[in-house]
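An overview of the molecular structure
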Amino acid sequence: MSRVLAVDDTRALRNMLADCLKRGGHDVLLASDGVEALEQLREHRPDMVITDLNMPKMNGLEFIEAARKEPAGQSLPMLLLTTETAQELKDRAKQVRATGWLTKPFDPDQILGLVDQLA
Amino acid sequence: MEEDEDYQSLFFTECHELLADLQDHLDLLSQGGGDGETVNAAFRAVHSVKGGAAAFGFDQLISFAHVFETVMDKVRSNRLELTEEIGNVLLRAGDVMEQLVENAQNGSDATPDNLKKVLSELEEIGDLDPQTATGGAAPEVVATAAAPEADTEETELLTRELVFSLTPGPDFFSSGHDPLRLFRAARAHNLIEVRATGEVPDIDAFDPDICPLSWELVFETEVPLADIRAFFEIYDATAEIRLLTEEEEPATPEVPSEPVALAEAESKPTAPTAERPPSAEPAEDQPTQQEATQQRTTVISKSLRVELARIDRLVNLVGEMLITQAGLAQRLTEDEKTEDLDLGHSVDAMSRQLRELQESVMAIRAQSVKSVFSRMPRVVRDLSDKLGKEARLELAGEHTEVDTTVIEELAEPLTHMLRNSMDHGIEGPEQRIALGKPKVGTITLSAEHRGERVIIVIEDDGQGIDRDRVLQKAVERGLVSEDEPPSPEEIDQLIFHPGFSTAAEVSSVSGRGVGMDVVKKKIQQLGGRCTVRNHPGKGASFTITLPLTLAVMDGMTITTGGQQFVLPLSSVVEAVRLENCQLRQLPDDSTLVERRGEYLKLISLRRVLGMPDGQGGNSMAIIVDTETSGLVALQVDDLIGQRQVVLKSLEANFQRVEGVSGATILGDGHVALILDIPALLTLSGGCPQPQELVH
């Protein structure tokens, strides 16, 4: 069982992801943007993060970049889960050292598989 | 499945919020206002709708949102200048998207009428190639959905040994990978052995962030090679992975299954970019986002969705408790032997707490009128197009909160009144210019709290109500007699008369067999009233007043003719003893009562209610506000006190009684009628200037 932080500004998708993770027996933390996610990261030290890209205040890439500077995020597996497909965004994701890039809609089994694999 | 529907309904709720925000942002932008953050917020709204649509597989919505998003992305990255014309296309696109969302919600796959038109407009302004634009989103979804099935028809494979080498790159650790976790997870695929190669350097040269070793992983498995490759895919970006054993690759071309590794994307830099033009670095435009969105997001993260029925149950329970408490308090005052002060205090405290409880419960049901108001600009826009008139809708007080039942019921009457204003009020552009008015008409829709009521005003700067035509129609229909011409105000009222509609002949917009009488009826059902003020040539304003809650109200209990009645406290200004007042008899047999230098008309409640002028009583005057015609004094027998009463509808069991808004159960178990003062006074003809329109 791992503690996974799910970040998405769309409530429906956030809940969907959370329920998928809970079904896999994981502890779920929630945040609706990068700023909240950073707070959760510092306070609750998750084992893994799955984050949306486009969000208000601080987007997924900025969040990962900031999180990598935190002790709790230095070597944390952090996946981006997004509908974006643009190459430069993927390049940027690599630059900020995102662990992986997943496209919505997600396959619950795949998500759970990755959590088991990475966290 | 049930859960899935739950997500969907949540998604739709969010969609409506997002679309309302989108309209706001686009409105602002198309008027030349807003800043980078407004554009970003608009983009995100479209993007979020698309994301949700993709998750639930609403194909039409996905492909439309995709084109819309692409155009918004161009606006966001300053590759497309937001002119007024483009703003209008975007607004229309917002409308189409709203319709698509509604269709998806209703399970209909109908295509909105103007989808094609707006889509091509979007493609035109966005300079998109129609094929890539519309096709872009759909295959993306299909491809990912199909990916897992790619190898299902794999021929039978025997257990064999597969050896992979894994050489971590410099970013392996810092991208969140951990070889130990990898090995552990690989056991699920029958990893049987791991061999380390390479050497750990001397401590001086050792960099703890970089992995100096490589590994050979030995699998003994019958699973297809593609599965193992898929397992390694997530590491592709930061490590070199090679298959050391030889095996023939499966014939099916390997679909880049998820996760699309960052490295793989890197190796084919041109492939996926075709459908999306290069966008600005998102990191650049994000840091400007501040408080505007902050509020919304915190609200979302801390809200709880509850079924309305559960809250209704709570409201009813609180109502019952209020009645029980009132009974308890009454018993206590009646029982004069009880000198137990503590008991009295406790009952008082309970009463306060109950009131708080009731207010809190009502606050749960309260919702800002924004959800209804935000649909209205679209109504006005549509009508502008249809009627060839130009008008702008200005909203004020959108954050005023009203009971949620009221909100749901408001959309229809508001839409109808706006139609009415557009159709009959606002003049055509040429006519307006000729009249010296601004070419574009203005309709203001505002809401505010006043005491225990909510006031909604729709005001336009059009031509006002054409009294001559209204009168002519009314005479034709035998509603009024030609010999006794009604006063101008009475003519204005006629538009609310059932069966009166000048519209049917005049236009196709508001004359669909529904008149303003339907609006009035609807508002009445909500316990409200509707009035009009006409300024011929300058415009008309319609005022709707609604009770804040439909369940509980503060009332003043009085007796008259031996019966108890409740007056809504919101109508009561003060109560005075008549013996302390100066009375003045007028020649027409009416009486005026002096109150602080002002003379108010004294009206006997007994007479209004048709009770005999019995002896005794008649000692109190309650000064009440008629809302439209100033204050009057209502003569009653006695005043009993002030209390919260639970409103029980009469209509459910009997029928609507004019002048009575409902009934309640008093503390002693008796039933008392709650009087609707303005309606009652109009009914009795006691109102000096009958501008009140609810009879």
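Residues numbered from 1 in each chain as written. Chains lettered and ligands numbered in written order. Predicted model: local features only at pLDDT ≥ 70, side-chain atom pairs only at ≥ 80, totals over all residues.

1. As for the overall build of chain B
Stated precisely, the cut-off is as follows: Only runs of H or I of at least four residues qualify as helices and only runs of E of at least two qualify as strands under DSSP, and these elements are numbered from the N terminus. Neighbour density around each residue's C-beta defines its exposure: 20 or more other C-beta atoms within 10 Å make it buried, 12 or fewer make it exposed, and counts between make it partly exposed, where C-beta atoms are placed from the backbone. It is the C-beta atoms, placed from the backbone, that decide contacts: two residues are in contact if theirs lie within 7 Å.
Broken down by element type, chain B carries 23 helices and 22 strands. Going through the 695 residues of chain B one by one, you find that 36% of them count as buried. Sequence separation of 24 or more characterises 70% of the internal contacts of chain B that already satisfy a separation of 6 or more.

2. What to know about the overall build of chain A
Assigned secondary structure in chain A consists of 5 helices and 5 strands. Expressed as a percentage of the 119 residues in chain A, the buried residues total 65%. Contacts in chain A between residues at least 24 apart in sequence constitute 61% of all its contacts with a sequence separation of at least 6.

3. Quick word on the environment of Arg229 of chain B
Within the secondary structure, Arg229 of chain B sits in helix α8 (residues 225-233). Sequence separation of Arg229 of chain B and Arg242 of chain B is 13 residues, and the distance between their C-alpha atoms is 9.6 Å.

4. Focus on the packing of helix α16 (residues 404-425) of chain B against helix α21 (residues 516-525) of chain B
All names here are of chain B. What counts is decided by this rule: Orientation is described by axes fitted as lines to C-alpha atoms, over the contacting stretch for helices, and by angles from 0 to 180 degrees between their N-to-C directions. Orientation labels follow simple angle bins: below 35 degrees gives roughly parallel, above 145 gives roughly antiparallel, 65 to 115 gives roughly perpendicular, and whatever is left gives oblique. Handedness of each helix crossing follows the sense of rotation of the near helix against the far helix: counterclockwise by less than a right angle gives left-handed, clockwise gives right-handed.
In contact at an axis separation of 10 Å, α16 and α21 are set at 150° when each is read in the N-to-C sense. Put simply, α16 runs roughly antiparallel to α21. In this structure, α16 meets α21 at a crossing whose hand is left-handed. Residue-level inspection shows Glu409, Glu412, Pro413, His416, Met417 and Asn420 of α16 in contact with α21, the latter providing Met516, Val518, Val519, Lys522 and Ile523.

5. Side note on the packing of helix α12 (residues 308-334) of chain B against helix α13 (residues 341-365) of chain B
Residues and elements named next belong to chain B. Rules: Charged residues are taken to be Asp, Glu, Lys and Arg, nonpolar residues to be Ala, Val, Leu, Ile, Met, Phe, Trp, Tyr, Cys and Pro, and polar residues to be all remaining types, Gly included.
The contact between α12 and α13 brings their axes to 10 Å, and the two run at 160°. Taken together, the axes of α12 and α13 are roughly antiparallel relative to one another. The chirality of how α12 crosses α13 is left-handed. Contacts from Ile311, Leu314, Val315, Val318, Met321, Leu322, Gln325, Leu328, Ala329 and Leu332 of α12 reach α13 at Leu343, Gly344, Val347, Met350, Ser351, Leu354, Leu357, Gln358, Val361, Ile364 and Arg365. Of the residues belonging to the contact of α12 with α13, the class tally is 16 nonpolar, 4 polar and 1 charged.

6. Concerning the sheet that holds strand β21 (residues 660-665) of chain B
Residues and elements named next belong to chain B. Selection criterion: For two strands to count as paired, DSSP must find a minimum of two bridges between them.
On the basis of which strands lie adjacent, the open sheet formed by 5 strands has the order β20-β12-β13-β22-β21 and mixed pairing. Edge positions in the sheet fall to β20 (638-646) and β21, since each of these pairs with one other strand and no more. If you compare each strand with its neighbour and ignore which way they point, the axes differ by 35° on average. Here strand β12 (residues 552-560) runs beside strand β13 (residues 563-568); their pairing, made up of 6 bridges, is antiparallel. Opposite Thr559, over in β13, you have Gln564 as the bridge partner. Packing against the sheet, α12 makes contact with β12, β20 and β21, and its axis sits at approximately 150° to β20.

7. Concerning helix α23 (residues 677-684) of chain B
Burial runs high along α23 of chain B: 6 of the 8 residues are buried. By the burial criterion, the buried members of α23 of chain B are Ile677, Pro678, Ala679, Leu680, Leu681 and Thr682 of chain B.

8. As for unusual backbone geometry
The residue Lys57 of chain A is not glycine, and still its phi comes out positive at about 65°. Structurally, the position occupied by Lys57 of chain A is in the loop between β3 (48-51) and α3 (60-67). With a phi angle near 60°, Asn78 of chain B is a residue other than glycine that sits in the positive phi range. Its location among the elements puts Asn78 of chain B in the loop between α3 (59-76) and α4 (84-105). Note on Asn78 of chain B: 12 C-beta atoms within 10 Å, which makes it exposed.

9. Considering the nonpolar core
Applicable threshold: We call a set of buried Ala, Val, Leu, Ile, Met, Phe, Trp, Tyr and Cys residues a nonpolar core when their C-beta atoms link them within 7 Å. The source of the domain bounds is an automatic or database domain assignment.
Grouped together as the largest cluster of nonpolar side chains are 104 residues, with contacts concentrated most on Ala42, Phe68 and Met97 of chain B. When residues of this core are assigned to domains, at least three fall in each of domain 1 (2-149) and domain 2 (160-274) of chain B.

10. Section: the environment of His16 of chain B
Within the secondary structure, His16 of chain B sits in helix α1 (residues 2-30). For His16 of chain B and Val49 of chain B, which are 33 residues apart along the polypeptide, the C-alpha to C-alpha distance reads 9.5 Å.

11. Looking at the sheet that holds strand β6 (residues 391-396) of chain B
Residue and element names in this part refer to chain B. Spatially, 5 strands are ordered β6-β8-β9-β11-β10 in an open sheet, and the strand pairing comes out mixed. Of all strands in the sheet, those bounded by a partner on one side alone are β6 and β10 (529-535). This sheet shows a mean twist of 15° between the axes of neighbouring strands, independent of strand direction. As defined by bridge partners, strand β8 (residues 441-450) adjoins strand β9 (residues 453-460) across 8 bridges and the pair is classed as antiparallel. Its bridge partner being in β9, Ala447 is matched across the sheet by Ile456. The strands touched by helix α15 (residues 376-387) within the sheet are β6 and β8, with β6 carrying the most contacts at an inclination of about 170°. Each of β6, β8, β9 and β11 (539-547) is contacted by α16, which is oriented at about 20° to β9, the strand it contacts most.

12. Comments concerning the pairing of strand β22 (residues 671-675) of chain B
Here 2 bridges tie β13 of chain B to β22 of chain B, and the two strands are oriented parallel to one another. Counted as the bridge partner of Val566 of chain B is Ile674 of chain B from β22 of chain B.

13. Examining α12 of chain B
All names here are of chain B. Our working rule: The length a helix should cover is 1.5 Å for every residue beyond the first.
The end-to-end C-alpha distance of α12 is 39 Å, a good match for the 39 Å that 27 residues give at a rise of 1.5 Å each. Every buried residue belonging to α12 is among Val315, Val318, Gly319, Leu322 and Ala326, and all of these are buried. Structurally, α12 contributes buried residues whose contacts are with α13, β12 and β20.

14. Observations regarding the confidence of the model for chain B
Interpretation of the predicted coordinates at a detailed level should be avoided for regions scoring low in pLDDT. All names here are of chain B. Which entries qualify depends on this criterion: The pLDDT value expresses, per residue, how confident the predictor is, ranging between 0 and 100.
Confidence in the prediction of chain B, expressed as mean pLDDT, is 76, and 80% of residues score 70 or more. Across residues 263-301 the pLDDT falls below 50, and counting only partners more than four positions away or on other chains, this stretch makes 58 contacts in the model. Considering only residues more than four positions removed or in separate chains, one finds that residues 687-695, a stretch of pLDDT under 50, has 35 contacts. Two summary scores accompany this predicted model of the complex, namely pTM at 0.45 and ipTM at 0.81.

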